[in-house]
Amino acid sequence: MQSCGEFTRPVLKPKGAPRKWKRIVSNPPYSLKFQDVDKVADDPRFSYGLTPSGFSDFLFVQDALSRLDDGGTLVEILPHGVLFRGKKEEAIRKNLIDANLIDAIIGLPDNLFMNTGIPVLLMILKKGRKRDDILMVDASKEYVKEGRVNIMTLEQINRVCSAVSIRRDIDKLSHVTTLEEIRGNGYNLNIPRYVDTFEPEPVPDLLETLAELKAINMEIDKTERELIAMAAQLVGTTPEAQEIVDKANALYKEYINEKNKRSNTAAGGNDRESQEREALPRKGDADRIVGNQRSGQLSFF
């Protein structure tokens, strides 16, 4: 399988038994379209299943697996969609998992490569595995920004490598999941299903929150006073427009009066909901005011 230069789809030309390798690292093009996938239905390289025509990622994985020696290790760089997309890709995932080929999945940060900003992952597959689990690592936050891209420092790389090496649960980084757990999730390998990286937000300081609320209310009151002052200067250029101006000013005054009334009576235990309902501006008047403003019938001196 090849993809380079002007190729727009995988080139599948088996030539006898492929050479076997102990270690393979593959970075195929992400989600490459391959319209002629049915033509390789009888190719023994793709015995785990054929991909949909729009996503040939698992064809590249299976091609590399066919070149892997017994006991060998394959590292594939893939888009996250291979972990959870359904139908044909779900069937391939199921076959790979049931064949005990997937050893680890490592989610990497986004914007890590120059040619794409999407986050990708490392899927590690091994032939002849003795384990019956899959290591999940969420390294999506293991990066620092450098210009227009993200990079992983040596310390962050070592942290991820250590997680793979010791192969155990590490809070907010890794989880060793059983095949039964994965089957219980319908063979969905989406990393957040297995590694919880949630960070609870700190509880806000009560005094600071009340101070901010007071400042916001004071700013609202100031804006309302400025609006009333501006409305007092509004003059209609026609008798009809002036009538709208008068209604607007009356509406503003009514609103302020009702607001003050609520403020004065709120401590007395009155029904706050009914007070707020009674103080709502009349929608018909407000809509007419806005409409006349847009039509240019109102002006400021």
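Residues numbered from 1 in each chain as written. Predicted model: local features only at pLDDT ≥ 70, side-chain atom pairs only at ≥ 80, totals over all residues. Heavy atoms only, no water.

A. Here's a closer look at the nonpolar core. Of all hydrophobic cores here, the largest spans 28 residues; its most connected members are Ile102, Ile105 and Met123. Looking at this core, the elements with two or more residues in it are helix H1 (57–66), strand E2 (68–79), helix H2 (88–98), strand E3 (102–107), strand E4 (120–126), strand E5 (133–138) and helix H4 (179–184). Counting residues per element, this core draws most heavily on H1, at four residues. Ile105 has contacts with Leu83, Leu121, Leu122, Met123, Leu135, Met136, Val137, Leu189 and Ile191, leaving out every residue within four places of it along the chain. Of all hydrophobic cores here, the second largest spans 16 residues; its members include Ile77, Leu108, Ala139 and Val176. (Core = buried A, V, L, I, M, F, W, Y, C linked by side-chain atoms within 4.5 Å. Buried < 20%, exposed > 50% of the residue type's maximum accessible area, 1.4 Å probe, protein only. Helix = DSSP H or I, 4+ residues; strand = E, 2+ residues; numbered from the N terminus. Contact = heavy atoms within 4.5 Å.)

B. Inspection of the packing of H1 against H2 at higher detail. One can describe the packing of H1 onto H2 by two numbers: an axis separation of 10 Å at closest approach and a directional angle of 25°. When the axes of H1 and H2 are compared, the pair comes out roughly parallel. Of the two possible hands of crossing, H1 and H2 adopt the one that is left-handed. Note on element contacts: H2 touches H1 through Glu89, Ile92, Arg93 and Leu96, opposite Asp57, Phe58, Gln62 and Leu65. (Axes fitted to C-alpha atoms, helices over the stretch in contact; angles between N-to-C directions. Parallel < 35°, antiparallel > 145°, perpendicular 65-115°, else oblique. Left-handed = near helix turned anticlockwise from the far one by under 90°.)

C. Structural context of the side chain of Glu76. Inspection of the secondary structure assignment puts Glu76 in strand E2. Among buried Asp, Glu, Lys and Arg side chains, Glu76 stands out as unpaired, with Arg67 the closest opposite charge at 9.0 Å. A distance of 3.2 Å separates the side chain of Glu76 from the side chain of Ser26, its partner in a polar contact. (Lys, Arg positive; Asp, Glu negative; His and termini not counted. Salt bridge = Lys/Arg side-chain N within 4 Å of Asp/Glu carboxyl O. Polar contact = N/O pair within 3.5 Å; in protein donor to acceptor, adjacent residues only side chain to side chain.)

D. Focus on the confidence of the model for the protein. The predicted model of the protein has a mean per-residue pLDDT of 82, with 82% of residues at 70 or higher. Looking across the protein, the model is least confident in strand E10 (residues 298–300), with a mean pLDDT of 39, and most confident in E3, with 97. Per-residue pLDDT stays below 50 along residues 276–287; that stretch engages in nine contacts with residues further than four places along the chain or on separate chains. Confidence over residues 292–301 falls short of pLDDT 50; this stretch has 21 contacts with residues more than four positions distant or in other chains. (pLDDT = per-residue confidence, 0-100.)

E. Layout of a nonpolar patch on the surface. Judged by side-chain polarity, Leu206, Leu207, Leu210 and Leu213 come together as a nonpolar surface patch covering roughly 430 Å² of accessible area. Assignment of secondary structure puts Leu206 in helix H5 (residues 206–232). (Patch = residues over 30% accessible without salt bridge, like charges linked within 9 Å, V, L, I, M, F, W, Y side chains within 5 Å. Areas by Shrake-Rupley, 256 points an atom, 1.4 Å probe, with all protein chains shown as cover.)

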